Each structure stands twice: as C-alpha cells, then as structure tokens.
Amino acid sequence: MADGEQSIGQVKAIVLLYDDNSKKWMPSGGVQGFSLVHLYENVNGSYRIVGHHCQTRQVVINFSIPKGLNYHEATPTFHQWRFKQLVYGLNFGSEEDAAVFSAAVKGALCTL
Ligand SMILES: CC(=O)N[C@@H](Cc1ccccc1Cl)C(=O)N1CC[C@@H]2C=C[C@H]3CC[C@@H](C(=O)N4CC[C@@H]5C=C[C@H]6CC[C@@H](C(=O)O)N6C(=O)[C@H]54)N3C(=O)[C@H]21
C-alpha cells in the first residue's frame, strides 16, 4: 500500500490470467492457490486492485482501474475483465467475497 492509499475491500481469491496461446487460465505468478486481493483507494481518486499470494507472498496482480472498465461477473464466484490484450480472472472463495468485491469495484468505477 503506497502512502495516500487505503484498502476499501479485501477478499481471498485465486488470481488467474487467460493464456491465449494455450487457451487456458493460468495462475498469475505461476503458483496455484489463493491470494489476498485488496481494492486500494488513493487520495488522488484512483483505484488499484493489488493481490499478494498467500504462500509465496508474490504480488500476483497490481492493476490500476481505468475509467469505463467492463467488470464482468461470469458466475457468482468468477469475475473477469479485459485490459490491453490481457484477460484477468478472479476465482473467489465464496459468493459473499465475490459480491463484496464486485460492489467495491463498481462503487469505484462510478466515481471515475
Ligand atoms: C467478449 C469477451 O471477451 N468475453 C469474455 C468474458 C468477458 C465479457 C465481458 C467483459 C469482459 C470479459 Cl473478460 C470471455 O468470454 N472470456 C474471456 C477469456 C475466457 C476464456 C475461456 C472461456 C471458457 C469458458 C469461459 C470461462 O472462462 N469460464 C466460464 C465460467 C468459468 C469459471 C471459472 C474459471 C476458473 C478457471 C476456469 C475453469 O473453470 O477451469 N474458469 C472458466 O473456465 C470460467 N470463457 C470465457 O469467459 C472467456
């Protein structure tokens, strides 16, 4: 968390990237497993989705939310979005976590 940022939501989710070549969802960072995914709000009005893998502690996602992002809820526990030839997927541990996170992201989007 950078200075001037605060977490306005945190959930457990498996962070995935879609690999167009193999046509497979791959774990971001190359290691299967859950990450702690935060939605950070910056005092400058910007938002980031930042996730750290629970085992490896790696940063597996560090995504600045652009105005007009199409955040797609494919299922009650799998949400995804496209940005610059990348497709991101969040496979949540529960429908509750998914709902909390999507509400936070949609709340952020309506301020951009
Ligand atoms: C117009 C457009 O870009 N469309 C995108 C979606 C989109 C629409 C609007 C805005 C942005 C986006 Cl992103 C699009 O269609 N894309 C994005 C890439 C994704 C890849 C594969 C196929 C295979 C079928 C489907 C899928 O992924 N689905 C089904 C639920 C299913 C749930 C869990 C995740 C977990 C890992 C994998 C699995 O189960 O093993 N998995 C799944 O298997 C998950 N799909 C998609 O979903 C595909």
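Computed from a predicted structure; not experimentally measured.

Draft legend 1. Layout of the overall build of the protein chain. Each helix and strand counted, the protein chain has one helix and eight strands in total. Overall, the protein chain shows an N-to-C arrangement of helices and strands of β-β-β-β-β-β-β-β-α. The C-alpha radius of gyration computed for the protein chain amounts to 13 Å, which stays within 12% of the reference 13 Å derived for 112 residues, consistent with globular compactness. When contacts within the protein chain are restricted to residue pairs at least 6 apart in sequence, those whose partners lie at least 24 apart make up 47%. Here the protein chain has roughly 6200 Å² of accessible surface; of this, 52% comes from carbon and sulfur atoms. Placing the 9 positive and 9 negative side-chain charges of the protein chain at their respective mean positions leaves the two points 7 Å apart.

Draft legend 2. Looking closely at the packing of aromatic side chains. Counted under the stated rule, the structure contains eight aromatic pairs. Ring geometry for W25 versus F78: centroids 5.1 Å apart, planes at 80 degrees, classification edge-to-face. Residue W25 is located in strand β2 (residues 24-27), and its partner F78 is located in strand β7 (residues 78-83); the two are separated by 53 residues in the primary sequence. Residue classification places W25 among the partly exposed positions, given a relative accessible area of 31%. Their ring planes at 85 degrees and their centres at 5.3 Å tell us that F63 and F83 sit as a pair that is edge-to-face.

Draft legend 3. How the structure looks around the pairing of β7. Note: strand β6 (residues 72-75) against β7, three bridges, orientation antiparallel. Paired with T75 across the two strands is F78, which belongs to β7. Across six bridges, the pairing between β7 and strand β8 (residues 86-92) is antiparallel. Residue pairing across strands places W81 opposite Y88, the latter belonging to β8. Where β7 folds back on β8, the antiparallel hairpin that results is connected by two residues, among which K84 adopts a positive phi of roughly 50 degrees.

Draft legend 4. Looking closely at the nonpolar core. In this structure, L39, I49, I65, W81 and F101 are the most contacted members of the largest nonpolar core, which totals 23 residues. When contributions to this core are tallied by element, the ones reaching two or more residues are β1 (5-19), β3 (35-42), β4 (47-53), β5 (59-64), β8 and α1 (95-109). Per element, the largest residue contribution to this core is six residues, and it comes from α1. Not counting residues up to four positions away in its chain, the partners in contact with W81 are I49, I61, F63, L69, N70, Y71, L86, V87, Y88 and L90.

Draft legend 5. Region of interest: the pattern of salt bridges. Scanning all chains against the criterion turns up three salt bridges. The closest approach of N and O atoms between E5 and R48, which form a salt bridge, is 2.7 Å. Of this pair, E5 sits in strand β1 while R48 sits in strand β4, and the two are 43 residues apart along the sequence. We note that E5, like R48, is buried. Of the charged contacts in the structure, one is a salt bridge between D20 and K23, with a shortest N-O distance of 3.5 Å.

Draft legend 6. Examining unusual backbone geometry more closely. With a phi close to 55 degrees, K23 is a non-glycine residue in the positive phi region. Positionally, K23 belongs in the loop between β1 and β2. Although it is not a glycine, R57 sits at a positive phi angle of roughly 65 degrees. Tracing the backbone shows R57 in the loop between β4 and β5.

Definitions and limits used
- Think of each chain on its own: its residues are numbered from 1, step by step along the sequence as written.
- Given that this is a predicted model, residues contribute local features only at a pLDDT of at least 70 and side-chain atom pairs are listed and counted only at 80 or more, while totals for whole chains, interfaces and linings are drawn from all residues.
- Derived side-chain values reflect all non-hydrogen atoms in the structure, with water molecules and hydrogen atoms excluded from consideration.
- We count a stretch as a helix when DSSP gives it H or I for four or more residues in a row; a strand needs E for two or more, and each element gets its number in order from the N terminus.
- Throughout, the radius of gyration refers to the C-alpha atoms, and the reference size of a globule is 2.2 Å times the residue count to the power 0.38.
- Contacts are assigned to residue pairs that have any heavy atoms within 4.5 Å of one another.
- Throughout, the Shrake-Rupley method with a 1.4 Å probe supplies accessible areas, and for residues the shown protein chains are the sole cover considered.
- Note that His is not counted, nor are the chain ends; the positive residues are Lys and Arg, and the negative ones are Asp and Glu.
- Lys charges are placed at NZ, Arg charges at CZ, Asp charges at CG and Glu charges at CD.
- Aromatic contacts are taken between Phe, Tyr and Trp rings whose centres are within 6.5 Å, Trp giving its six-membered ring; a plane angle under 30 degrees counts as stacked, one over 60 as edge-to-face, and the others as tilted.
- Each residue gets one of three labels from its accessible area relative to the maximum for its type: buried under 20%, exposed over 50%, partly exposed in between, using a 1.4 Å probe on protein chains only.
- Any two strands are treated as partners once DSSP identifies two or more bridges connecting them.
- In this description, a nonpolar core means a group of buried Ala, Val, Leu, Ile, Met, Phe, Trp, Tyr and Cys residues linked to one another through side-chain atoms lying within 4.5 Å.
- A pair is scored as a salt bridge if a Lys or Arg side-chain nitrogen falls within 4 Å of a carboxyl oxygen belonging to Asp or Glu.

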